[in-house]
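Spelled out from the first residue to the last, the chains are:
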Amino acid sequence: MAAPRVLAVVLAGGEGKRLMPLTAERAKPAVPFGGIYRLIDFALSNIVNSHYLHVVVLTQYKSHSLDRHIAKTWDMSRMLGNYVAPVPAQQRMGKNWYLGSADAIYQSLNLLADERPDIVVVVGADHVYRMDFSQMVKAHIDSGARLTVAGIRQPISLADQFGVIEADPDDPRRIKAFREKPTDAVGLADSPDEVLVSMGNYVFDADALVEAVRSDALEDSRHDMGGDIVPAFVERGEAALYDFIENDVPGSNDRDRDYWRDVGSIDAYYEANRDLISVVPVFNLYNDEWPVFTGYTGLPPAKFVHASPERIGLAVDSIISPGVVVSGSEVHGSVISPGGRLNSWSRVTDSVLLDDVIVQRRAQVNRAILDKNVVVEEGASIGLNRELDLARGFTVTPSGITVVPKGMRIGVDSV
Ligand code: ADQ
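Owing to the predicted nature of the structure, the values given are computational and were not obtained by experimental measurement. (Residues numbered from 1 in each chain as written. Predicted model: local features only at pLDDT ≥ 70, side-chain atom pairs only at ≥ 80, totals over all residues. Heavy atoms only, no water.)

The next point concerns the domain arrangement of the chain. Parsing the chain into structural domains produces domain 1 (6–274) and domain 2 (303–410). Between the C-alpha centres of domain 1 and domain 2 there is a distance of 33 Å. Of the residues lining the interface, 14 residues belong to domain 1; the matching set on domain 2 comes to 24 residues. Here domain 1 and domain 2 share an interface that buries about 1600 Å² over both sides, 61% of which is from carbon and sulfur atoms. The largest contributions to the domain 1 side of the interface with domain 2 come from Pro21, Asp267 and Tyr270, which together make up 33% of the buried area. Summed over the shared surface of domain 1 and domain 2, the number is three salt bridges. A salt bridge links Asp350 to Arg274; the nearest nitrogen and oxygen atoms lie 2.9 Å apart. The interface formed by domain 1 and domain 2 includes eight residue pairs in polar contact (both at pLDDT 80 or more). Here the side of domain 1 that touches domain 2 gets six residues from one element, more than from any other, and that element is helix α8 (residues 266–274). When its residues are assigned to classes, the side of domain 1 that touches domain 2 shows seven nonpolar, three polar and four charged. (Domains from an automatic or database assignment. Contact = heavy atoms within 4.5 Å. Buried area = accessible area lost by both parts, 1.4 Å probe. Salt bridge = Lys/Arg side-chain N within 4 Å of Asp/Glu carboxyl O. Polar contact = N/O pair within 3.5 Å; in protein donor to acceptor, adjacent residues only side chain to side chain. Helix = DSSP H or I, 4+ residues; strand = E, 2+ residues; numbered from the N terminus. Nonpolar A, V, L, I, M, F, W, Y, C, P; charged D, E, K, R; others polar.)

Structure follows, in structure tokens:
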């Protein structure tokens with residue numbers, strides 16, 4: 001049989017409310033991650049590494065910085081054969097300007113008609129992981145199902161954040177039931193503390209997808225892939241399960257083979273950043289058999305100056321991006337994004353600094369996420385005193401991470 005024509009659709013319109021304030025001015029897929037990446041780079045790299053070069057990225061919510069990133073990285077590099085930026089739905093008027101992910105596909109059906117694919121791979125843009133979608137497509141074709149949903153085990157405490165899959169006990173590759181974000185999920189028979197959840201990645205027979213989003217558009221529905229489209233296939237007995245554990249990506253190691261993180265909350269985002277920096281990383285960015293692609297910034301290399309016993313310029317257990325100057329500053333357990341300036345006698349510990357953050361002399365940053373262009377002024381501190389940070393109006397997460405929004409200046413007396 002001839003190789004099927006595959007079109008990849010990336011759902012990149014997520015609002016990411018629980019990542020506020022990082023999503024105040026950008027869509028969740030555009031949130032910077034791991035120093036030089038944006039979240040969407042992981043999904044797009046997986047698609048390109050799977051040798052699927054026909055890709056449509058569906059944007060919607062606050063898509064400006066996402067569009068710019070994609071144009072700079074993915075479009076200009078010509079890595080994708082057919083990157084298309086459809087008219088964002090926000091240009092529609094009236095109360096329907098923001099509808100669910102199935103509506104985003106419905107609005108773009110003309111792209112499917114142009115491409116005439118046999119198979120459509122639909123993936124989210126908010127996760128950090130490696131996956132070879134061609135293995136899932138093969139399993140989909142072998143199963144004869146109309147829809148295949150990728151599944152992974154997660155703690156039962158998170159069940160209400162995901163679509164929960166019940167596999168058929170007689171045929172574990174068939175999905176017997178699917179409930180979107182249930183509050184009363186039951187644990188797995190062999191592991192009562194876990195449930196099997198949808199990763200938000202789907203393989204469809206193209207004609208079945210078109211039919212499904214067309215008829216959903218006529219219904220009084222939320223027009224949501226997980227809430228409406230997937231359950232409809234499951235009810236008709238047309239949905240198969242693809243267990244992520246079967247996926248084997250070149251160059252993976254025993255630690256990161258099954259790594260998949262939904263960085264939906266600030267704490268999860270912080271932890272996933274930190275997963276990159278341990279000596280044997282929980283998620284290995286240095287796997288050159290399955291590279292994570294991102295934009296070339298044209299910035300100079302990172303530089304470390306002023307190392308003396310009194311004034312130490314060093315970084316350990318950290319990621320330091322291009323264009324950063326660590327000048328007489330000490331950095332531990334942190335991710336520093338491009339263009340950072342860390343000045344003398346300052347100290348940055350267990351933190352994530354987004355692009356172009358300035359930490360002036362004698363300033364201290366601890367267990368904090370500083371968004372783009374934040375300035376911590378001379379002698380000021382952030383993340384050392386939870387009550388003070390709350391009084392300054394900053395978000396402090398349940399696990400004690402302080403988040404400073406884009407462009408803020410933190411002074412010694414900014415209470
Ligand atoms: P959620 O992530 O809560 O659950 P949703 O908010 O629809 O679902 O986001 C899914 C993807 O679609 C994300 O990549 C998001 O950016 C994008 N998206 C959302 N609305 C969009 C729109 N209108 N236009 C374009 N893109 C849009 C989903 C599934 C669950 C599954 C989890 C896994 O519904 O079943 O368990 O993902 O994280």
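On we go from here.
On to the sheet that holds strand β28 (residues 402–404). Where strands meet in a sheet, backbone hydrogen bonds hold them as pairs that are either parallel or antiparallel. Overall, mixed pairing links the six strands, which are arranged β15-β18-β21-β24-β28-β27 in an open sheet. Looking at strand neighbours, the two that pair on one side only are β15 (319–320) and β27 (395–396), the edges of this open sheet. The pairing of β15 with strand β18 (residues 335–336) spans two bridges and is classified as parallel. By the bridge assignment for β18, Ile320 is matched with Ile336. (Pairing = 2+ DSSP bridges.)

What follows concerns the packing of aromatic side chains. Inspection of the entire model under this criterion finds nine aromatic pairs. Pairing Phe33 with Phe42 gives two aromatic rings, centres 5.6 Å apart and planes at 80°, and the pair type is edge-to-face. Geometrically, the ring pair formed by Phe162 and Trp260 is tilted, given 5.8 Å between the ring centres and 45° between the ring planes. In this pair, Phe162 sits in the loop between β7 (147–155) and β8 (163–168) while Trp260 sits in strand β12 (residues 260–262), placing the two residues 98 residues apart along the sequence. Trp260 carries the same exposure label as Phe162, and that label is buried. Members of the aromatic cluster, connected to one another through ring pairs, are Phe33, Tyr37, Phe42, Tyr259, Tyr269 and Phe283. (Phe/Tyr/Trp six-rings, centres within 6.5 Å; stacked < 30°, edge-to-face > 60°. Buried < 20%, exposed > 50% of the residue type's maximum accessible area, 1.4 Å probe, protein only.)

Moving on: the pattern of salt bridges. Scanning the entire structure with this criterion turns up 26 salt bridges. Across the pair Asp254 and Arg257 runs a salt bridge whose closest N-O atoms are separated by 3.1 Å. Judged by its relative accessible area of 71%, Asp254 is exposed. Judged by its relative accessible area of 28%, Arg257 falls in the partly exposed class. Arg347 serves as the salt-bridge partner of Glu330, at 3.0 Å between the closest nitrogen and oxygen. Taken together, the positions of Glu330 in strand β17 (residues 330–332) and Arg347 in strand β20 (residues 347–349) put the pair 17 residues apart, joining distant regions of the chain. Sharing partners across several salt bridges, the network here consists of Lys28, Asp126 and Asp262.

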